[in-house]
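Structural features, examined
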Amino acid sequence: MRIAWIGLILAVAGCAVEPPAPSGTALFAENCATCHGAGAGGTEIAPDLTGIAARHGGVFPRAKVLSTIDGFHRTPALGSEMPQWGLIFGDPTARVDVGDGIETPVSPELLAVMEHLERLQR
Ligand code: HEC
């Protein structure tokens, strides 16, 4: 009986220490700004990320941006200098609706950095 109680207490404690949602702003500054610029406006080596929506008819293409960052979707014409962040970011424990009404599993870091870019669109 005592062992069952200890198990229950550990289970409840485990739920309480869920990690906080990562900061997209901090992730961008740490991992992306060196190539894309501090304000994501682009540099000589990497494209501007503030005009993605403008380049897509005013709609921010969530699925395309997620898959580009993740490493699925590449632009061979521009080279493939960008790391495949899907290999570096954590497990897909968050959910995102890319516009099709379906909640797709995604890494919390990937989601946070995509939402950061979405907010930066001009
Ligand atoms: C080593 C340099 C480098 C780093 C670091 C880097 N990128 Fe990139 N990124 C590029 C290059 C070069 C391209 C264009 C070629 C390509 O698609 O691979 C690109 C393309 C992109 C695109 C597609 C832009 C478009 O117009 O479709 C997105 C979105 C993007 N990067 C986001 C990010 C994010 C978010 C991070 C940080 C988590 C990041 N990048 C880190 C070099 C980099």
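Values in this document were obtained by computation on a predicted structure and should not be read as measured data. (Residues numbered from 1 in each chain as written. Predicted model: local features only at pLDDT ≥ 70, side-chain atom pairs only at ≥ 80, totals over all residues.)

Some details on the overall build of the chain
Across its full length, the chain carries 6 helices and 2 strands. Secondary structure elements of the chain, listed N to C terminal, follow the sequence α-α-α-α-α-β-β-α. Classification of the 122 residues of the chain by burial places 19% in the buried group. Pairs at least 24 residues apart make up 47% of the contacts formed inside the chain by residues separated by at least 6 positions. (Helix = DSSP H or I, 4+ residues; strand = E, 2+ residues; numbered from the N terminus. Buried ≥ 20, exposed ≤ 12 C-beta atoms within 10 Å, placed from the backbone. Contact = placed C-beta atoms within 7 Å.)

Details of the nonpolar core
Formed by 17 residues in total, the largest nonpolar core has its most connected members in L110, V113, M114 and L117. Of all the secondary structure elements, the ones that give two or more residues to this core are α5 (62–70) and α6 (108–120). For this core, the element with the highest residue contribution is α6, accounting for 6 residues. Not counting residues up to four positions away in its chain, the partners in contact with M114 are R62, V65, L66 and I69. (Core = buried A, V, L, I, M, F, W, Y, C linked by C-beta atoms within 7 Å.)

Side note on unusual backbone geometry
For A40, which is not glycine, the phi torsion reads 65° and is therefore positive. Of the residues examined, A40 has 21 C-beta atoms within 10 Å and is grouped as buried.

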